[in-house]
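# Report on the structure
If you want the building blocks of each chain, they are given just below.
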Amino acid sequence: MKLGIVGLPNVGKSTLFNSLTKAGAESANYPFCTIDPNIGVVAVPDERLAVLTKMHNSAKTVPAVIEFVDIAGLVKGASKGEGLGNQFLSNIREVDAVVHVVRCFEDSNIVHVDGDINPLRDIETINLELIFSDIEIIERKISKTVRGAKNDKKLAKELTFLERIKEVLEQGILAKNIETDDEDEKEWFDSYNLLTAKPVIYAANVSEDELTDDAAGNPMVEEVRKYAKEEGQEVFVICAQIEQEIAELDDDERKMFLEDLGLKESGLEKLIRASYSLLGLISYLTSGEQETRAWTITKGTKAPQAAGKIHTDFERGFIRAEVVSYDALIEAGSMLAAKEKGLVRSEGKEYVMQDGDVVLFRFNV
């Protein structure tokens, strides 16, 4: 899973990016990986992996990972090159979802680029830059398609669709609100990879004293929540400054720190939960002497396709899946005990995978 983090200057975006990547790497003992200065790969915290690793004496533990892309330089006019934003917009086209950091706290020592704090205005500013960038992509596509549209009915159909998209975008409407009429349009739309078609998670950045009640009394956060609900998006509340402090702690210290603040989870855990919910993701687990690993799939994935996440040969030669739920396995105490109690099921090609399934795939080479 790849998430792009956007936000105006001085809203806490870079602080959050640096904190999440560092904390995520440490929490699961997964080495921080810098692909370039704006990309960090972190592990998805999953306590189930440590339990299974111990149960099977696994040689290594491999968590699911999230790739965070810090989209720097986004300011008003970024799509036209202001603030170097245009060169970074290309980085976000391949992400699965956008994490939009919005400032919901007052602090006279931290100047906002527009002079005052207004999260809905900030959201509109970023959305407009993304819309402008999408219009540029669509215009390029139109110029390429128009050449062959006169002699090709399918290209002519696509050209009409492209012009409809452009018209919607020029009205300031996000691409995710565009409805496709048939499979052709859906396939074309997906291939354009438009920024404003991406799912969005809003990170409402608040002051430390507003974290304990999830910023229930913060009117700015309520505005963001209302806006996100209307758009069918997710919101989570964070304090980027606190996340920075958490990132410096080891696992035990982090738990104590969160308890002292009256918090059950860190910002990274909130973000992961929101991301999995928004994108409809779950994790299944494999465990043995060689390794214990988490695999991320979409809800509704059937067993052969889940096996294909491990290797394409597993999907092609799929015979069956031996499945036990994580909770049932832990209650039984071992895989052998789970089998003796009849908790391990043999599932075929139509089995829909569930979150927390511990699986052994049987296949023909």
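Each chain has its residues counted from 1, running along the sequence as written. Reporting in this predicted model follows two pLDDT cut-offs: at least 70 for local features of residues, and 80 or more for side-chain atom pairs to be given and counted; totals over whole chains, interfaces and linings ignore these cut-offs and use all residues. Hydrogens and water are ignored here; the side-chain numbers use all heavy atoms of the structure.

### Remarks on the confidence of the model for the protein chain
- For the protein chain, per-residue confidence averages 86 on the pLDDT scale, and residues scoring 70 or more make up 88% of the total.
- Scored between 0 and 100, pLDDT is the confidence that the predictor attaches to each residue. Only DSSP runs of H or I covering at least 4 residues are called helices, and only runs of E covering at least 2 are called strands; the numbering of each starts at the N terminus. No element of the protein chain has a lower mean pLDDT than strand E2 (residues 33–36), which averages 46, and none a higher one than helix H13 (residues 326–332), which averages 97.
- Should any heavy atoms of two residues lie within 4.5 Å, those residues are counted as being in contact. Low confidence marks residues 24–35, where pLDDT is under 50. Its contacts with residues over four positions away, or in another chain, come to 29 contacts.

### Overview of helix H11 (residues 303–310)
- Considered for burial, the residues of H11 that qualify are Ala303, Pro304, Ala306, Ala307 and Gly308.
- If you follow the buried residues of H11, they end up packed against strand E9 (281–287), strand E10 (291–298), helix H12 (312–316), strand E11 (318–325) and strand E13 (357–363). Burial here depends on accessible area, computed with a 1.4 Å probe over protein chains only, as a share of the maximum for the residue type. Under 20% is buried, over 50% is exposed, and the range in between is partly exposed.

### Concerning the pairing of strand E1 (residues 2–6)
- Of all five residues in E1, four are buried; the element is thus mostly enclosed.
- By definition, two strands form a pair when at least two bridges between them are found by DSSP. When E1 meets strand E5 (residues 65–70), the two strands line up parallel, connected through four bridges. Note on E5: the bridge partner recorded for Gly4 is Val69.
- In this sheet, strand E6 (residues 97–103) lies alongside E1 in parallel orientation, the contact comprising four bridges. Across the sheet, the residue bridging to Leu3 is Ala97, located in E6.

### Description of the side chain of Asp134
- Along the chain, Asp134 falls in helix H4 (residues 119–149).
- Judged by its relative accessible area of 0%, Asp134 is buried.
- At 2.8 Å, the side chain of Asp134 and the backbone nitrogen of Leu195 are in polar contact.
- Once you skip the residues sitting within four places of it in the chain, Asp134 turns out to touch Arg93, Leu169, Ala175, Leu194, Leu195 and Thr196. Here a polar contact means two N or O atoms within 3.5 Å. Within protein one must be a hydrogen donor candidate and the other an acceptor candidate, and residues neighboring in sequence count only if both atoms are side-chain atoms.

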